[in-house]
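# Residue-level structural notes
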Amino acid sequence: MEEEMQYKLSSDSKGNPLEGGKFYVLHLPPKIPANKFWSVIVYDIQTSLIIKTEQSWPSIHSNCKKLACNQDESVDIWFGHKAPAGKEYNWIQTIPGKDWYLVLRLYEPTEPCLNNTWKPGEIKEVV
């Protein structure tokens, strides 16, 4: 069995690079196929290092105690230089002027991930 599956996302649903000064949302459909846990981490596109922001760790993961799930158990993750009202626990800070990408990791992925019947949603710009 695979120990980890990764999805790297570096553009929005229209094919545009992810910009630190814009706001985005990533929808993770219900029943995220990870036996252990999943995580989303933001990286600086120029250095491939984890982005340095005011957040101690620019990530969201399934073990976050205050993570807000939707009624159908899907998860929305928000990105931008400031948190949208009421979405603070599902938000990762970005930096205006810096392009970025994210990596979604599924630890101990299950069959829907391995056979590609489950996939993360696209990143959509929020205006």
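Residues numbered from 1 in each chain as written. Predicted model: local features only at pLDDT ≥ 70, side-chain atom pairs only at ≥ 80, totals over all residues. Heavy atoms only, no water.

So, about unusual backbone geometry. Backbone geometry places Glu73, a non-glycine residue, at a positive phi of 75°. Summarising the element assignment, Glu73 is placed in the loop between strand S5 (59-61) and strand S6 (75-80). Of note, the phi angle at Glu108 is positive, near 55°, even though the residue is not glycine. In this structure, Glu108 sits in strand S8 (residues 99-109). (Helix = DSSP H or I, 4+ residues; strand = E, 2+ residues; numbered from the N terminus.)

So, on to the nonpolar core. Of all hydrophobic cores here, the largest spans 25 residues; its most connected members are Leu28, Trp38, Ile77, Phe79, Leu102, Leu104 and Leu106. Elements supplying a minimum of two residues to this core: strand S1 (4-9), strand S3 (23-28), strand S4 (34-44), S6 and S8. The residues contacting Leu104, other than those within four sequence positions of it, are Met5, Gln6, Tyr7, Leu28, Trp38, Ser39, Val40, Trp118 and Pro120. (Core = buried A, V, L, I, M, F, W, Y, C linked by side-chain atoms within 4.5 Å. Buried < 20%, exposed > 50% of the residue type's maximum accessible area, 1.4 Å probe, protein only. Contact = heavy atoms within 4.5 Å.)

Burial analysis of S4 places eight of its eleven residues in the buried class, which makes it a mostly covered element. Taken together, the nine bridges between S4 and S8 define a ladder with antiparallel strand orientation. When the sheet's bridge partners are listed, Ala34 is paired in S8 with Pro109. With three bridges connecting them, S4 and S5 associate as antiparallel partners. If you follow Val40 over to S5, its bridge partner there is Ile60. (Pairing = 2+ DSSP bridges.)

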